[in-house]
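Inside the fold
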Amino acid sequence: MQVISKVQRDTLTYWAYAGADRYGEPTYANPIQMKCRWDDCRKQVFMEDGSPVFTKIELITAKPLAVKGMVRKGKLTGHEHQANPRTLSDTHEIIQTDITPMFTNRTIYLYEAYA
């Protein structure tokens, strides 16, 4: 875990996707705060249907994030619990995730997410 903690210099707020309400609008779990590495970079990833899309952010975390979840750079400020993350400024939807085992210990993973 030492390598993971060395690269996690940033903090993010994460809302896990919880499904759709009866009107088809997305709903989210309460936000949590976690350490991460947040890189603003453009990367091409492929959706499940094979179509290419460009992302703006690459995240590295010690815990997995899920597709359709929402992220925002920075710590929880208190008002996020009442708000839909899609209405807050500077939030991004996770488009794709990956998992990479550590070289020295195959039971520890780096979790990557792209938004």
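Structure shown above.
Below, the structure is looked at part by part. (Residues numbered from 1 in each chain as written. Predicted model: local features only at pLDDT ≥ 70, side-chain atom pairs only at ≥ 80, totals over all residues. Heavy atoms only, no water.)

Examining the packing of aromatic side chains
Two aromatic rings are characterised by how far apart their centres lie and by the angle between their planes. As a reminder, the rule being used: Note on aromatic contacts: the rings of Phe and Tyr and the six-membered ring of Trp form a pair at centre separations within 6.5 Å, being stacked when their planes are under 30 degrees apart, edge-to-face when over 60 apart, and tilted otherwise. Put simply, DSSP H or I for four residues or longer makes a helix, DSSP E for two residues or longer makes a strand, and each gets a number counted from the N terminus. The buried label applies to any residue whose accessible area, calculated with a 1.4 Å probe on protein chains only, is under 20% of its type's maximum; exposed applies above 50%, and partly exposed to all values in between. Distance and angle both matter: a charge sits over a ring if NZ of Lys or CZ of Arg is within 6 Å of the ring centre and within 35 degrees of the ring normal.
Under the definition given, this model contains 2 aromatic pairs. Ring geometry for Y17 and Y28: centres 6.1 Å apart, planes at 75 degrees, overall edge-to-face. Of the two residues, Y17 sits in strand β2 (residues 17-20) while Y28 sits in strand β3 (residues 26-28), which places them 11 residues apart along the sequence. The buried category is assigned to Y28, whose relative accessible area is 16%. Note on Y109 and Y111: the rings are 6.4 Å apart at their centroids and 50 degrees apart in plane angle, and the pair reads as tilted. Assessed through its relative accessible area of 19%, Y111 is described here as buried. One cation-aromatic arrangement involves R42 over F54; the distance from NZ or CZ to the ring centre is 4.1 Å.

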